[in-house]
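# Working through the structure, step by step
Listed below, chain by chain, are the residues.
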Amino acid sequence: MSTGLSSRTARPSTERRPSLGRLGLDQLRFTLTDLWRARLVVIFTLVLPLTWLVVLGFLAGNDVLDGTSGIRVMQVVTPSAATMGVLFAAFPTVATAVAVARERGVLRRVRGTPLPAGVYLGAKVVSAALVAVAAYTLMLLVGVLVYDVQVFWRTVPAMAVTVLVATAAFAALGLAVAALARSGNTAQAVAIGLAVTMSFLSGLFTVGEMPAWMQHVADVLPVGVLLRALQGQLDPFSTGSGWDGGALAVLVVWGAGAAAVTLRTFRWEPAADRTSSRGRRATTHPAPGPTHNSSGASRRPAGLAVAEAGRPGPVSLVVAQTAAATRAAMRDPGWLFFAVAMPLGLFVLNAGMSRSAGGDPDLVAVLAAGMIAFGTAVTAFVNLPEAVATARDRGVLKRLRGTPTPAAAYLAGRILSALWIALLTAVLLVGVGVLFFGLTPTWPGLLLAGAFVVLGAVTLGACGFALAGGLPDAKAVGAVGLGVLLPASFFSDVFVVNPPQWMSTVGSVLPLQHVVRLLDRALDPAGTAVAWGSFAVVVVWLVGASLIALRTFRWEAREDHDPGRRPHGR
């Protein structure tokens, strides 16, 4: 008796195993597609550098420096945006992708497939390098077409080699961060945090001369030496071929050091499940509770009050949800970095530079107001809607409606947690300003600033929920929210003090600028005042965004959306 299975297995197979090159090309194509779908990669690699290039064009101007050659100001500042594109394409991208793959068990499973693990990791590094080269080329192309930037053929070989070596160094740093991080979220937050910190210390966001100490730091950072090398290769008054041996040596040292760390600490297996270990400890050491004597009567330990079990009240539910949301935020490295550490670091850096240059003491209040508004916006506009959308995509909101916890208590807890974090950030910024930079707000001004932080957080949170209502999933909410916030910050007196008039005019339509102005007037050491015009604009945004958010809010994920169907880009 014959069967189809036996006849099929008896037929000799004519299929061949794909070659190593074919496997590498297929994996590279898949990885590039995955990167393109990752909205956060597009934002930091293309949108942010391009936005900064446009902002630099208006801040520095594009006047002619030399009438004979026609060289303009943007010839000097365009490399800043190009360096930013290379950095964010190679460093955070590799760190996040590798750490997420390990966390999900992909690295462990890929070692049992015909695809070599080295080819898998190599495809991630090469794809990031291609994106970095594309970002650099795009910035140069925009500079040439829009700002008349001149590229000199004699320095093109040195420029290409410098960009490739820098990309390899940044990718090695990404692998080192992925090797040391315990999770994908930690790797993403640490890599972006380090990239932003190095960018500021290297002068990427500085227009004009840097302090001497900052220049010395930039000379040993890979971002700083890349920026100086690219500026020299686009220098029209330089007669050489553009080779910078010192910069290449610094980049090679950073890359080799990161590679050594990776080889020593890299692991293919995900980190141990801390939750299960805590559960095992809990079963080994049970919590104190009632005990029983030999007759079976219940005997409680001395000092413990006896309380009747019952359903908690509304206040207790809201307090519990607020505490839970706050704990979740404190455990999220990305939330802590963008909402607390980044505003505080930028304030210290800019206030320190202003003080060392003998700037206006009143500028400290302006800088503090901008950073308080930015931290509030990250918490309320980006992180709060993203957290709620994540719960919606995972079915938490849907299941919540069948539990004793009211939906209103859940949302109230998340909102109160966001307000608490925004106020905490404001207290830290004002405290640092008072202790180290001579900020002298009045007591009524401090109370008024606290009220404006609450008003700004509620308004920006309503705007975030209104935006989230039209987006498909939580990943889109976080990426689009950050993509909207970063350009809006440049137009809202957050990153740029005293911007051009047209930028202030555009920013006057946005609520963020008016939150900054309310805080600035409240913290003004010359006297506390209320900018009633800005107050009215913020209230109008609050009412309008709240109406849209209430109309578009969803308790369940869209039926055509499966969160597990797409590759995780973040």
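Definitions and limits used
- Each chain carries its own residue numbering, running from 1 in the written order of its sequence.
- Owing to the predicted nature of the model, reporting of local features is limited to residues with pLDDT of at least 70; listing and counting of side-chain atom pairs is limited to 80 or more, with chain, interface and lining totals taken over all residues.
- Each side-chain value is worked out from all heavy atoms of the structure, with water and hydrogens disregarded.
- The definition of a nonpolar core used throughout is a set of buried Ala, Val, Leu, Ile, Met, Phe, Trp, Tyr and Cys residues joined through side-chain atoms within 4.5 Å.
- Residue exposure (1.4 Å probe, protein chains only): buried if accessible area is under 20% of the type maximum, exposed if over 50%, otherwise partly exposed.
- Helix and strand definitions follow DSSP, with helices as H or I runs of at least four residues and strands as E runs of at least two, each counted in order from the N terminus.
- Here, two residues are considered to be in contact whenever any of their heavy atoms come within 4.5 Å of each other.
- Using a 1 Å grid laid over the protein atoms alone, points where a 1.4 Å probe fits but cannot get out form a cavity; open sets with protein on both sides within 12 Å along at least 5 of 7 lines form a pocket; any residue with an atom within 4 Å of a point counts as lining.
- Grid points are joined across faces, edges and corners, and a volume is the space filled by probe spheres set on the points.
- Basically, the charged four are Asp, Glu, Lys and Arg, the nonpolar ten are Ala, Val, Leu, Ile, Met, Phe, Trp, Tyr, Cys and Pro, and anything else, Gly included, counts as polar.
- The axes are straight lines fitted to the C-alpha atoms, using for helices just the contacting stretch, and the angles between their N-to-C directions are given from 0 to 180°.
- An angle counts as roughly parallel when it lies under 35 degrees, as roughly antiparallel when it exceeds 145, as roughly perpendicular when it falls between 65 and 115, and as oblique in every other case.
- Crossing handedness is defined as follows: a turn of the near helix away from the far one that is anticlockwise and smaller than a right angle gives a left-handed crossing, while the clockwise case is right-handed.
- Basic side-chain nitrogens of Lys or Arg form a salt bridge, by our definition, when they fall within 4 Å of a carboxyl oxygen of Asp or Glu.
- Here a Phe, Tyr or Trp ring, Trp counted by its six-membered ring, pairs with any other such ring whose centre lies within 6.5 Å, and the pair is stacked when the planes are under 30 degrees apart, edge-to-face when over 60, and tilted otherwise.
- Charge over a ring is defined by NZ of Lys or CZ of Arg lying within 6 Å of the ring centre and within 35 degrees of the ring normal.
- Each residue carries a pLDDT score, the predictor's confidence in it, ranging from 0 to 100.

### Topic: the nonpolar core
- Counting residues in each nonpolar core, the largest one holds 143 residues, and the members touching the most others are Phe-91, Phe-170, Phe-347 and Leu-519.
- The leading source of residues in this core is helix α4 (residues 74–103), at 16 residues.
- If we skip the residues at most four places from it in the chain, Phe-347 touches Gly-352, Val-364, Leu-367, Ala-368, Met-371, Leu-429, Val-432, Gly-433 and Phe-437.
- The next biggest cluster of nonpolar side chains, apart from the first, holds ten residues, and it includes Leu-384, Ala-391, Ala-418 and Ala-466.

### With respect to empty space enclosed by the protein
- Within this structure, the stated rule accounts for two cavities of 30 Å³ or more.
- A volume near 70 Å³ is recorded for the largest cavity.
- Lining the largest cavity are Pro-385, Val-388, Ala-389, Arg-392, Phe-465, Ala-468, Gly-469, Thr-552, Phe-553 and Arg-554.
- In terms of residue count, the dominant contributor to the lining of the largest cavity is helix α15 (residues 363–393) (four residues).
- In terms of residue class, the lining of the largest cavity is made up of six nonpolar, two polar and two charged.
- In this structure, the second largest cavity encloses a volume near 30 Å³.
- As for the second largest cavity, its lining consists of Leu-346, Phe-347, Asn-350, Leu-367, Met-371 and Val-494.
- Put simply, the parts of the chain that give the lining of the second largest cavity at least two residues each are α14 (333–356) and α15.
- The element best represented in the lining of the second largest cavity is α14, accounting for three residues.
- Considering only residue class, the lining of the second largest cavity consists of five nonpolar, one polar and no charged.

### Here we look at the packing of α4 against helix α8 (residues 184–201)
- Look at α4 against α8: their axes get within 8 Å of each other, and the N-to-C directions meet at 165°. Between α4 and α8, the angle falls in the class roughly antiparallel. In the crossing of α4 with α8, the sense of the turn from one axis to the other is right-handed. Two secondary-structure elements touch here, α4 through Leu-87, Phe-88, Phe-91, Pro-92, Ala-95, Thr-96, Ala-99, Val-100 and Glu-103 and α8 through Gly-184, Ala-187, Gln-188, Ala-191, Ile-192, Leu-194, Ala-195, Val-196, Met-198 and Ser-199.
- Per-class residue counts for the contact of α4 with α8 are 14 nonpolar, four polar and one charged.

### Considerations on the pattern of salt bridges
- In the structure shown here, the tally under the stated rule is three salt bridges.
- Of the charged contacts, one joins Asp-26 and Arg-29 as a salt bridge, the two residues approaching to 2.8 Å between their closest N and O atoms. You can see Asp-26 and its partner Arg-29 sitting in helix α2 (residues 20–37), three residues apart, about one turn around the helix.
- Measuring nitrogen to oxygen at the nearest pair gives 3.3 Å for the salt bridge that ties Glu-269 to Arg-108. In this pair, Glu-269 is assigned in the loop between α11 (245–265) and α12 (274–284) and Arg-108 in helix α5 (residues 106–110), connecting sequence segments 161 residues apart.

### Regarding the packing of aromatic side chains
- Using the criterion set out here, one finds nine aromatic pairs in the structure.
- For the pair Phe-337 and Phe-338, a centre-to-centre distance of 5.0 Å together with 80° between the ring planes defines the contact as edge-to-face.
- Under the relative-accessibility criterion, Phe-337 is labelled buried at 13%.
- Among the aromatic residues, ring-to-ring pairing joins Trp-52, Phe-374, Phe-490 and Phe-495 into one connected group.
- Positioned above the aromatic ring of Phe-152, the side-chain terminus of Arg-154 is 5.0 Å from the ring centre.

### Quick word on the packing of helix α7 (residues 156–180) against helix α10 (residues 222–233)
- Where α7 contacts α10, the two axes come as close as 10 Å, and the packing angle between them is 170°. Relative to α10, the element α7 is oriented roughly antiparallel. From α7, Ala-158, Met-159, Thr-162, Val-163, Ala-166, Phe-170 and Leu-173 reach across to α10, where they touch Pro-222, Val-223, Leu-226, Ala-229, Leu-230 and Gln-233.
- Taken together, the residues that form the contact of α7 with α10 break down as eleven nonpolar, two polar and no charged.

### Considerations on the environment of Ala-256
- Within the secondary structure, Ala-256 sits in helix α11.
- For the pair Ala-256 and Ala-169, spaced 87 residues apart in sequence, the C-alpha to C-alpha distance is 7.7 Å.

### Some words on the side chain of Thr-83
- Along the polypeptide, Thr-83 turns up in helix α4.
- Residue Thr-83 is classed as buried on the basis of its relative accessible area of 0%.
- When neighbours within four sequence positions are excluded, Thr-83 is seen to be in contact with Leu-204, Val-223, Leu-226, Leu-227 and Leu-230.

### Section: the confidence of the model for the chain
- In this model, the chain carries a mean pLDDT of 82, and residues with pLDDT of at least 70 account for 84%.
- Across residues 273–308, where pLDDT falls below 50, the model places twelve contacts with residues more than four positions away in sequence or in other chains.
- Here residues 560–570 is a poorly scored stretch, pLDDT under 50, and it has 22 contacts once near neighbours within four places are set aside; other chains count.

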